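Observations on chain architecture
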Amino acid sequence: YGLTLTPDPSPEQGFFTRSDQYSYVRNGIPAVYLDIGFGNGGQAAQEDFLTNHYHEVSDEVGLIDFASLSRFVGVNFAIARNIGNMAERPAWNEGDFFGENFGRAAAAGE
């Protein structure tokens, strides 16, 4: 998909822990969270959205770059398909913060 992976540029904002996926993590289930823009030429648009439109009345469909959204959906689909086709269930990486704090409870309940 020609995308660049980058670390979270604003970890202090806690986007992952505020995401829908975090409900899975809290229950010990590894989850994927992707955000778009920062590493792929959309940093200015992402910052403008977060500063001026996030949870505001101006957050309208006209702000969406549908070509970029299509790439994002394609990447998410590929990840979901590949996870679904894995021979093994997803597991936490050794030493992962979330796995250490939430994964043990889920493993004990299996």
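In short, a report on the structure. (Residues numbered from 1 in each chain as written. Predicted model: local features only at pLDDT ≥ 70, side-chain atom pairs only at ≥ 80, totals over all residues. Heavy atoms only, no water.)

Counting its secondary structure elements, the protein chain contains 4 helices and 0 strands. Reading the helices (α) and strands (β) of the protein chain from amino to carboxyl end gives α-α-α-α. Referenced to the eigenvectors of the C-alpha coordinate spread, the extents of the protein chain come out at roughly 45 × 30 × 25 Å. Across the 110 residues that make up the protein chain, the buried fraction comes to 17%. Within the protein chain, contacts between residues separated by at least 24 positions form 61% of all contacts whose residues are at least 6 apart in sequence. (Helix = DSSP H or I, 4+ residues; strand = E, 2+ residues; numbered from the N terminus. Buried < 20%, exposed > 50% of the residue type's maximum accessible area, 1.4 Å probe, protein only. Contact = heavy atoms within 4.5 Å.)

So, on to unusual backbone geometry. Among all residues save glycine, negative phi is the norm, and among peptide bonds the norm is trans. With a phi angle near 60 degrees, histidine 55 is a residue other than glycine that sits in the positive phi range. By the secondary structure assignment, histidine 55 is in the loop between α2 (43–52) and α3 (66–84).

With that settled, consider the side chain of histidine 53. With respect to the secondary-structure elements, histidine 53 resides in the loop between α2 and α3. Discounting residues that sit within four places of it in the chain, histidine 53 has contacts with Asp48, Ser58, Asp59 and Leu63.

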